[in-house]
Amino acid sequence: DQVDEIEIAVKSIIKFAPYIKNIFIVTDSQTPSFLETYNKQKLDSQPIVTVVDHEVIFSKFNSLLPVFNCRPIETLAYTIPSLSEHFIYFNDDFSLLKKTTPSDFFVDGFPVLRGEWKPLDENIFHKKVINGVLRLFGKESRDKKYGYKRGQQNAARVLGFDRYFKLDHTPAPIRKSSLKNYFDSHPEIQDRNIRHRFRNPEQYVLQSLANHIEIKNESAVLKE
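Residues numbered from 1 in each chain as written. Predicted model: local features only at pLDDT ≥ 70, side-chain atom pairs only at ≥ 80, totals over all residues. Heavy atoms only, no water.

The next point concerns the pairing of strand 5 (residues 110-114). One ladder, built from two bridges, connects strand 4 (residues 106-107) with strand 5; its direction is antiparallel. Bridge assignment links Val107 to a residue of strand 5, and that residue is Phe110. From the end of strand 4 to the start of strand 5, which pair antiparallel, there are two residues, and Asp108 there has a positive phi angle of about 55 degrees. (Pairing = 2+ DSSP bridges. Helix = DSSP H or I, 4+ residues; strand = E, 2+ residues; numbered from the N terminus.)

Checked against the element boundaries, Phe16 lands in helix 1 (residues 5-16). Setting aside its immediate chain neighbours within four residues, Phe16 contacts Leu96, Leu97, Lys98, Lys99 and Thr100. (Contact = heavy atoms within 4.5 Å.)

A few words on a nonpolar patch on the surface. Where nonpolar side chains cluster on the molecular surface, the patch consists of Val133, Leu136 and Phe137 and spans about 360 Å² of accessible area. When you line up the elements, Leu136 lands in helix 5 (residues 125-136). (Patch = residues over 30% accessible without salt bridge, like charges linked within 9 Å, V, L, I, M, F, W, Y side chains within 5 Å. Areas by Shrake-Rupley, 256 points an atom, 1.4 Å probe, with all protein chains shown as cover. Salt bridge = Lys/Arg side-chain N within 4 Å of Asp/Glu carboxyl O.)

Another aspect to go through is the packing of aromatic side chains. Enumeration over the complete set of coordinates arrives at six aromatic pairs. Both rings, one in Tyr78 and one in Phe183, keep their centres 5.7 Å apart while their planes meet at 35 degrees; by these two values the pair is tilted. Separated by 105 residues along the polypeptide, Tyr78 in the loop between helix 4 (70-76) and strand 3 (86-89) and Phe183 in helix 7 (residues 176-185) bring together distant segments of the chain. Assigned by exposure class, Tyr78 and Phe183 land together as buried. (Phe/Tyr/Trp six-rings, centres within 6.5 Å; stacked < 30°, edge-to-face > 60°. Buried < 20%, exposed > 50% of the residue type's maximum accessible area, 1.4 Å probe, protein only.)

A word on the packing of helix 6 (residues 148-158) against helix 9 (residues 206-216). Look at helix 6 against helix 9: their axes get within 8 Å of each other, and the N-to-C directions meet at 35 degrees. Like other packed secondary-structure pairs, helix 6 and helix 9 cross with a definite hand, here right-handed. Mapping the contact onto sequence places Tyr148, Gln152, Ala155, Ala156 and Val158 in helix 6 and Gln207, Ser208, Leu209 and His212 in helix 9. Residue composition of the contact of helix 6 with helix 9, by class: five nonpolar, four polar and no charged. (Axes fitted to C-alpha atoms, helices over the stretch in contact; angles between N-to-C directions. Left-handed = near helix turned anticlockwise from the far one by under 90°. Nonpolar A, V, L, I, M, F, W, Y, C, P; charged D, E, K, R; others polar.)

Contact pair helix 7 / helix 9: the axes reach a minimum separation of 10 Å and the direction vectors enclose 90 degrees. Taken together, the axes of helix 7 and helix 9 lie roughly perpendicular to each other. Here Ser178, Leu179, Tyr182 and Phe183 of helix 7 lie close against helix 9, whose contacting residues are Leu206, Leu209, Ala210, Ile213 and Glu214. Looking at the contact of helix 7 with helix 9, its residues break down into seven nonpolar, one polar and one charged. (Parallel < 35°, antiparallel > 145°, perpendicular 65-115°, else oblique.)

Listing the buried residues of helix 7 in full gives Ser178, Leu179, Tyr182 and Phe183. Looking straight down helix 7, one finds its buried side chains confined to an arc of 115 degrees; they lie on one side. Exposed and oriented more than 90 degrees from the buried face of helix 7 are Asn181 and Ser185. (Arc of directions from axis to C-beta.)

Moving on: helix 6. An α-helical turn contains 3.6 residues, so a residue and the one three or four places further along point in the same direction. Along helix 6, the residues classified as buried are Gly151, Gln152, Gln153, Asn154, Ala155 and Ala156. Its buried side turned inward, helix 6 meets strand 6 (116-119), strand 7 (163-166), helix 8 (187-194) and helix 9. Of the residues one or two after helix 6, Gly160 is the one with positive phi, at around 85 degrees.

And the structure:
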């Protein structure tokens, strides 16, 4: 079910990011109800909105469908046909609230990353103590639970960081080539995220992986 949040997201992009030329909506054999009316009334200056089915981005991994987990979908979004080298990833519940410029997301071709450095949980003393006590009483460690923060920390660990660049739940500027080059060299890391139909503690947040790749390559602009 949805309460028009996708329509609101699209219209907020049209209003506050008029430099966007194409919007891709990834769905599982579904078309948002507003799209037919939008296409009939669309002005030449407005972006083309295209629905991309799961089967398109999972064309090489069809056996993994159906999937009920956003992490595999996010991981393969960079394979959307005709996707620009520089793209901005939105979840379906995002919307822009004021006018933006391209430099809010990319500067000299580099993604603008907003966040702050935080320690990994295994480097925080009180978390070590809590997990040790839980294990002592035969209870599940908090490390086994999945969450947005854990997914970001997993991304940093994959790339060998001893801390992580914590991002908020906001639109993410990403370079397609950065992901493609990394996954071409590390297919096992892509497989780690796409093989789970449901959330799994070992998965990472794709946006965070992209961020840490750029940071490692010194090809990002960091802001608070």
